[in-house]
Amino acid sequence: MAIFPIRTFGDPVLRSTATAVDVIDESIERLVEDMIETMYAAPGVGLAAPQIGISKAVAVFDVGDGAEVLINPEIIETRDEWTFEEGCLSVPDRYWPIERPGWARARGLNLDGEEVEYEGDELLGRVLQHEIDHLHGILLIERLEKNDRKAALRDLRNEGLGLLQ
Ligand code: ZN
């Protein structure tokens, strides 16, 4: 296993749509192991493969019940609304109040290629939405209201982040 550096805001891999995994082979198993180790080292409650520079549709998370993996995941149902001070390992040390559905259900594959679903509110619902956003090239800043988003981008640029954009 290996701990990978986490790509940060401005890296184009974070803006790319991740490629679906066709075959769950040893390379995917190794990727998942590395992602879990990297997530715990950060530390974080979730990590998407693009965050370590791998544009594949793989996410891992642990909201307190152990490490879970979702391959080719999609959000299939949401309800309610909840505003939460959300952060991201790829935009370190910054938090914004972000409104999202308060409950979400996600479906994907596990490492055995079986279909699995996770659903929940609070942190689990939030993490599922946040990590699956990463697989579509969407960062949390894009979930802010327009004016808040502009202000956040201005702040990040003033601090020298995101210069590639
Ligand atoms: Zn993130």
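Please read these numbers as outputs of a predicted model, since none were measured by experiment.

**Focus on the sheet that holds strand 1 (residues 46-48)**
As summarised here, the arrangement of the 5 strands in space is 1-2-3-6-7, forming an open sheet in which the pairing is antiparallel. One side of each edge strand has no neighbouring strand; the edge strands of this open sheet are strand 1 and strand 7 (115-121). This sheet shows a mean twist of 35 degrees between the axes of neighbouring strands, independent of strand direction. Sheet topology note: the strand 1/strand 2 (residues 58-61) ladder contains 3 bridges and is antiparallel. Residue pairing in the sheet places Gly 46 in a bridge with Phe 61 of strand 2. The sheet strands contacting helix 1 (residues 26-41) are strand 1, strand 2 and strand 3 (68-79), and the helix crosses strand 2 at an angle near 40 degrees. Of the strands in this sheet, strand 1, strand 2, strand 3, strand 6 (103-109) and strand 7 are in contact with helix 2 (residues 122-135), which crosses strand 7 at around 125 degrees.

**Examining the coordination of the zinc ion**
Donor atoms from the polypeptide that bind the zinc ion are Cys 88 (SG), His 130 (NE2) and His 134 (NE2), placed at 2.0 to 2.3 Å. Within one chain, the residues serving as donors to the zinc ion are arranged as C-x41-H-x3-H. You can see Cys 88 sitting in strand 4 (residues 82-88) and its partner His 130 sitting in helix 2, a full 42 residues away along the chain. When its relative accessible area of 8% is taken as the criterion, His 130 is described as buried.

**Section: a negative patch on the surface**
On the surface, a cluster of negative charge is made up of Asp 80, Glu 81, Glu 99, Asp 121, Glu 122, Glu 145 and Asp 148. Judged by its relative accessible area of 44%, Glu 99 is partly exposed.

**Some details on the pattern of salt bridges**
Summed over all chains, the structure comprises 12 salt bridges. Close ionic contact of Asp 133 with Arg 100 constitutes a salt bridge, the shortest N to O distance being 2.9 Å. Taken together, the positions of Asp 133 in helix 2 and Arg 100 in strand 5 (residues 91-100) put the pair 33 residues apart, joining distant regions of the chain. Accessibility assignment for this pair places Asp 133 and Arg 100 in one class, buried. In this structure, a network of salt bridges that share partners links the residues Glu 77, Arg 105, Arg 107, Glu 115, Glu 117 and Glu 119.

**Section: the packing of aromatic side chains**
Using the criterion set out here, one finds 2 aromatic pairs in the structure. Pairing Phe 61 with Tyr 118 gives two aromatic rings, centres 5.2 Å apart and planes at 85 degrees, and the pair type is edge-to-face. Residue Phe 61 is found in strand 2, and its partner Tyr 118 is found in strand 7; the two are separated by 57 residues along the sequence. The pair Phe 61 / Tyr 118 is uniform in exposure class, with both members buried. Between the aromatic rings of Trp 82 and Phe 84, the centroid separation amounts to 4.8 Å while the plane-to-plane angle is 35 degrees, which identifies the pairing as tilted. Positioned above the aromatic ring of Trp 103, the side-chain terminus of Arg 79 is 3.9 Å from the ring centre.

Reading guide: rules and limits
- Residues numbered from 1 in each chain as written.
- Predicted model: local features only at pLDDT ≥ 70, side-chain atom pairs only at ≥ 80, totals over all residues.
- Heavy atoms only, no water.
- Pairing = 2+ DSSP bridges.
- Helix = DSSP H or I, 4+ residues; strand = E, 2+ residues; numbered from the N terminus.
- Axes fitted to C-alpha atoms, helices over the stretch in contact; angles between N-to-C directions.
- Contact = heavy atoms within 4.5 Å.
- Donors = N, O, S within 2.8 Å, 3.2 Å for Na, K, Ca; no water.
- Buried < 20%, exposed > 50% of the residue type's maximum accessible area, 1.4 Å probe, protein only.
- Patch = residues over 30% accessible without salt bridge, like charges linked within 9 Å, V, L, I, M, F, W, Y side chains within 5 Å.
- Areas by Shrake-Rupley, 256 points an atom, 1.4 Å probe, with all protein chains shown as cover.
- Salt bridge = Lys/Arg side-chain N within 4 Å of Asp/Glu carboxyl O.
- Lys, Arg positive; Asp, Glu negative; His and termini not counted.
- Charge placed at Lys NZ, Arg CZ, Asp CG, Glu CD.
- Phe/Tyr/Trp six-rings, centres within 6.5 Å; stacked < 30°, edge-to-face > 60°.
- Lys NZ or Arg CZ within 6 Å of the ring centre and 35° of its normal.

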